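# Structure at a glance
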Amino acid sequence: MWEKDFWQQVPGLVVSEVVDLLFPARCLLCEQALDQPFHVPLYCVSCREQITPPLEGTCYRCGIRLPFRVDGEHGVPLVNRSQTRQGCPDCRRKKWAFDRTVAVASYEGRWREHVYRLKRPHHSADAFQAGKLLGERLIECEWWSEYHALVPLPVHWRRRWTRGFNQAEKIAEGIATVIPMPIITGAIVANKYARKQGTLVASARLANVQNSMKLGPRAAELRQQQVILVDDVLTTGSTANVAARLCRQAGARRVAVAVVARAGRF
Ligand SMILES: [Zn+2]
Ligand SMILES: [Zn+2]
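Bear in mind the structure is a predicted one, so any value in this text is a computation, not a measurement.

Take the sheet that holds strand β4 (residues 149-152) next. In any sheet, the strands associate via hydrogen bonds between backbone groups, in a parallel or an antiparallel arrangement. Here 4 strands make up an open sheet; going across it, the order is β3-β8-β7-β4 and the pairing parallel. A single partner strand is all that each edge strand has here, and the edge strands are β3 (100-106) and β4. Each strand axis lies, on average, 25 degrees off the axis of its neighbour in the sheet, ignoring direction. Bridge count between β4 and strand β7 (residues 226-234): 4 bridges; the pairing is parallel. Opposite L150, over in β7, you have I228 as the bridge partner. Against the sheet, helix α4 (residues 109-117) engages β3, β7 and β8 (254-262), with an angle of about 110 degrees to β8. On top of the sheet, helix α7 (residues 167-178) reaches β4, β7 and β8; it is set at about 125 degrees to β7, its chief contact.

With that settled, the discussion passes to the packing of helix α5 (residues 124-140) against α7. The N-to-C vectors of α5 and α7 enclose an angle of 50 degrees; their axes lie 6 Å apart at closest approach. What the angle tells us is that α5 and α7 run oblique. Considering how the two elements wind past one another, α5 and α7 form a crossing that is right-handed. Contacts between α5 and α7 involve S124, A127, F128, Q129, A130, G131, K132, L134, G135, E136, L138 and I139 from the first element and Q167, K170, I171, A172, E173, G174, I175, T177 and V178 from the second. Looking at the contact of α5 with α7 residue by residue, the class counts come to 10 nonpolar, 7 polar and 4 charged.

The next thing to look at is the nonpolar core. If you look at the biggest cluster of nonpolar residues, it comprises 64 residues, and the most contacted ones within it are V151, L229, V230, C247 and A258. Every element with two or more residues in this core is listed here: β3, α4, α5, β4, α7, β7, α9 (238-249) and β8. Top element by residues in this core is β8. It accounts for 7 residues. In this view, A258 contacts V102, L134, L138, I175, I228 and V230; residues no more than four positions away in its chain are not counted.

Before going further, it helps to spend a moment on α4. Every buried residue belonging to α4 is among W111, H114 and V115, and all of these are buried. End-on view of α4: buried residues confined to an arc of 95 degrees, all on one side of the axis. Exposed and facing more than 90 degrees away from the buried side of α4 are G109 and E113. Those residues of α4 hidden inside the fold are in contact with α3 (45-51), β3, α5, β7 and β8.

With that settled, consider the pairing of β8. Counting buried positions along β8 yields 8 of 9 residues, so the element is predominantly enclosed. Bridge count between β3 and β8: 6 bridges; the pairing is parallel. Bridge pairing links V102 to A258 in β8. Note: β7 against β8, 8 bridges, orientation parallel. Considered in β8, the bridge of L229 is made with V257. Taken together, β7, α9 and β8 constitute a β-α-β crossover, and its handedness is right-handed.

On to the confidence of the model for the protein. With 84% of its residues at a pLDDT of 70 or more, the protein shows a mean pLDDT of 86. The secondary-structure element of the protein with the lowest mean pLDDT is helix α1 (residues 2-9), recorded at 48, while β4 shows the highest, at 98.

Definitions and limits used
Residues numbered from 1 in each chain as written. Chains lettered and ligands numbered in written order. Predicted model: local features only at pLDDT ≥ 70, side-chain atom pairs only at ≥ 80, totals over all residues. Pairing = 2+ DSSP bridges. Helix = DSSP H or I, 4+ residues; strand = E, 2+ residues; numbered from the N terminus. Axes fitted to C-alpha atoms, helices over the stretch in contact; angles between N-to-C directions. Contact = placed C-beta atoms within 7 Å. Parallel < 35°, antiparallel > 145°, perpendicular 65-115°, else oblique. Left-handed = near helix turned anticlockwise from the far one by under 90°. Nonpolar A, V, L, I, M, F, W, Y, C, P; charged D, E, K, R; others polar. Core = buried A, V, L, I, M, F, W, Y, C linked by C-beta atoms within 7 Å. Buried ≥ 20, exposed ≤ 12 C-beta atoms within 10 Å, placed from the backbone. Arc of directions from axis to C-beta. Right-handed = clockwise from strand over helix to strand, strands pointing away. pLDDT = per-residue confidence, 0-100.

This is how it looks when you write it as structure tokens:
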């Protein structure tokens, strides 16, 4: 079956470029036709401006939207990003194993619907596009160039099998088109089929998350590295924290988190 082998060898990026050329690009949020080259994320300028908060208005450590005092037409941040290097008042007590977080946008409105969609079967191209946007957001952060590799959070094989892909890997592939950085998959792997968090009480949830991952066959590659964990949504931060702790166990010097959406508000 040479055809099958051939298509398996064509990198995902090339396939998506061909698709972009064949079908005129439309904004993935408002469907307005886009007049932009294929390497630019498929979101129009007006949608991007609407969804993306200024980086200054987010916590350096956990990525949450910082509180604003509404002052005339403009919001004035009550806490500055520069004051949150050790964490905002909300996350300072949580002892994160990661040092910093960046998110494209808050997990709300149209962006929430889009991010929810990108882990459904056949939506890997959306995850890839959201990853490109995240790559551009990382470039806004002064620290991205100090990091060496992207580490996508794992999903259990059963979930991967029903979905057809790991959305965190697709997001990482999107980031890597913007900032050339190796992707280490298999450094952290899913441990068992974690139960749906929603069905568990709080204490069981934490144990469920803590047991959901372990170091994998490529963990040695994290040694002495500064790595960026990649996932779709950061909600309580406990999943990213478990993954970050594993990276530190494997010898990573520093761990950052990059997500396409940050749930919750201060
Ligand atoms: Zn749009
Ligand atoms: Zn914070």
